[in-house]
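Results of the structural survey
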Amino acid sequence: MLELFHGPTAAFKDLAMQLVAALSDEALSATGETLTLLTATSGDTGAAAVRAFAGAERIKLIVLHPLDRVSPVQRKQMTTVEADNVLNLAVRGDFDDCQRLVKGLLAEESLREQGRLSSVNSINWGRLAGQIPYYVSATAQLGQAATFVVPTGNFGDAFAGIAAKKMGLPAAGFVAAVNQNDALARAINDGVYARHPAVESGSVSMDVQAPSNFERLVYEASGRDADATRAVFETFAREGSVTLSPDLLAALRAEVSAVSVDEATTKAEIAHAHAAWGRIVCPHTAVALAAARRLDRNGAPIVALSTAHPSKFGAFVSDVLGFEPEPAPVIGALGDRPEQLTVIENTPEAALAAVKGSRRRADAHPLATLAQRSPVERLMAALIPSA
């Protein structure tokens, strides 16, 4: 198991988010600009973003999470942080709805006119870049190529591993382990990418039925054919389903395999991990372990990514083991602090009104031409593209 949850919010998202925050702050300080960041979250991304960006002088962070569909700990990690530059919006819908609203806001002309606008979801390449190193580190520690089993919702963490392999990392393979929200697994295994409403599960951060980074995977698998990729996702957006061509499907399977793990198996895996190894694992890690134990090693080690501390999902773990895990220090420190959030309807109009009502206006300095920019400014252009 590759433990990735030892950051300030006890989830793997901290590793890349802390990097992106530091780079963004440095870049904005160099140019004198301001930035509004929008992010959709199924729990961990929002918490990590709030912790990383809270108090930033030049950044306004707006987080959309699905109302009553994140764990209580995840919600509190977002809503108890006292920072004037953070707005928490609870959307009456699921994560896919939040993600759709963010993508719409990023394309909103009236917001783009007010200054830089970007996202810290894994659609931001900086997030994936910050996740590549731990695949390299794990492989170096093992001294040989491994198969990585990645519990995934939006497919960003898994795609970071694939990117590492394309950069030269020796890897035996990648397995995307998903929960009962299995659109990605059905696409890889059956060749049909179809949208269904997300079903609430114990592994709430993986309750995703339209993973953004699947588009990146299709683009790579198609030989970076932009027209072919666009056709796939325009059909998906229009009809809610698209059948993948045999050549594309074969290319996708060469990059990654996929396994779906249902709720009963997730609970059984939590019980098995505790009985067999004395380990208490979160439901997302349990999904990865269940998928990993199905695999034939073929002489290569199998690494299951452990993405969150179990106490972030204490009630679910308690239902299985009969006791709640000892809280991580950062979770125990939450206490009973008051929460701040705004509930909005699942409509573009409601999201836009909320964002416009909170966005700080500042005079943005005009950007220099690319040739005139400093290295820091060019870095910002790469990590924070103008939406």
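Definitions and limits used
Residues numbered from 1 in each chain as written. Predicted model: local features only at pLDDT ≥ 70, side-chain atom pairs only at ≥ 80, totals over all residues. Heavy atoms only, no water. Helix = DSSP H or I, 4+ residues; strand = E, 2+ residues; numbered from the N terminus. Rg over C-alpha atoms; globule rule 2.2 N^0.38 Å. Buried < 20%, exposed > 50% of the residue type's maximum accessible area, 1.4 Å probe, protein only. Areas by Shrake-Rupley, 256 points an atom, 1.4 Å probe, with all protein chains shown as cover. Lys, Arg positive; Asp, Glu negative; His and termini not counted. Charge placed at Lys NZ, Arg CZ, Asp CG, Glu CD. Contact = heavy atoms within 4.5 Å. Polar contact = N/O pair within 3.5 Å; in protein donor to acceptor, adjacent residues only side chain to side chain. Pairing = 2+ DSSP bridges. Right-handed = clockwise from strand over helix to strand, strands pointing away. Axes fitted to C-alpha atoms, helices over the stretch in contact; angles between N-to-C directions. Parallel < 35°, antiparallel > 145°, perpendicular 65-115°, else oblique. Left-handed = near helix turned anticlockwise from the far one by under 90°. Nonpolar A, V, L, I, M, F, W, Y, C, P; charged D, E, K, R; others polar.

1. As for the overall build of the protein chain
- For the protein chain, the count of helices and strands is 18 helices and 12 strands.
- Taken over the C-alpha trace, the protein chain has a radius of gyration of 20 Å; the compact-globule value for 387 residues is 21 Å, and the two agree within 12%.
- Counting only C-alpha atoms, the protein chain reaches 60 × 50 × 45 Å along its principal axes.
- Burial statistics for the protein chain: of 387 residues in total, 56% are counted as buried.
- Looking at the protein chain as shown, the accessible area adds up to about 16,100 Å², and 51% of this sits on carbon and sulfur atoms.
- Each charge sign in the protein chain was given a centre, from 35 positive and 42 negative side chains, and these centres are 3 Å apart.

2. Details of the environment of Ser122
- Inspection of the secondary structure assignment puts Ser122 in the loop between strand S5 (116-119) and helix H6 (125-129).
- Using a relative accessible area of 6% as the deciding quantity, one classes Ser122 as buried.
- Beyond its immediate sequence surroundings of up to four residues, Ser122 is in contact with Arg127, Leu128, Asn154, Gly156, Asn213 and Arg216.
- Of the polar contacts made by the side chain of Ser122, one reaches the side chain of Asn213; its length is 2.7 Å.

3. Here we look at the pairing of strand S7 (residues 173-178)
- Most of S7 sits out of view: six of its six residues are buried.
- Burial of the side chains of S7 extends over both faces: Gly173, Val175 and Ala177 are buried on one face and Phe174, Ala176 and Val178 on the other.
- One ladder, built from five bridges, connects strand S6 (residues 147-151) with S7; its direction is parallel. Each bridged residue has a counterpart across the sheet, and for Val150 the counterpart in S7 is Ala176.
- Read as a crossover between parallel neighbours, the route from S6 over helix H8 (residues 156-166) to S7 is right-handed.

4. Some words on the packing of helix H7 (residues 132-142) against H8
- At their nearest, the axes of H7 and H8 sit 8 Å apart, and the two run at 60° to each other. With respect to each other, H7 and H8 are oriented oblique. Between H7 and H8 the crossing geometry is right-handed. Contact residues: Ile132, Tyr134 and Tyr135 in H7; Asp157, Ala158, Ala160, Gly161, Ala163 and Ala164 in H8.
- Residue composition of the contact of H7 with H8, grouped by class: seven nonpolar, one polar and one charged.

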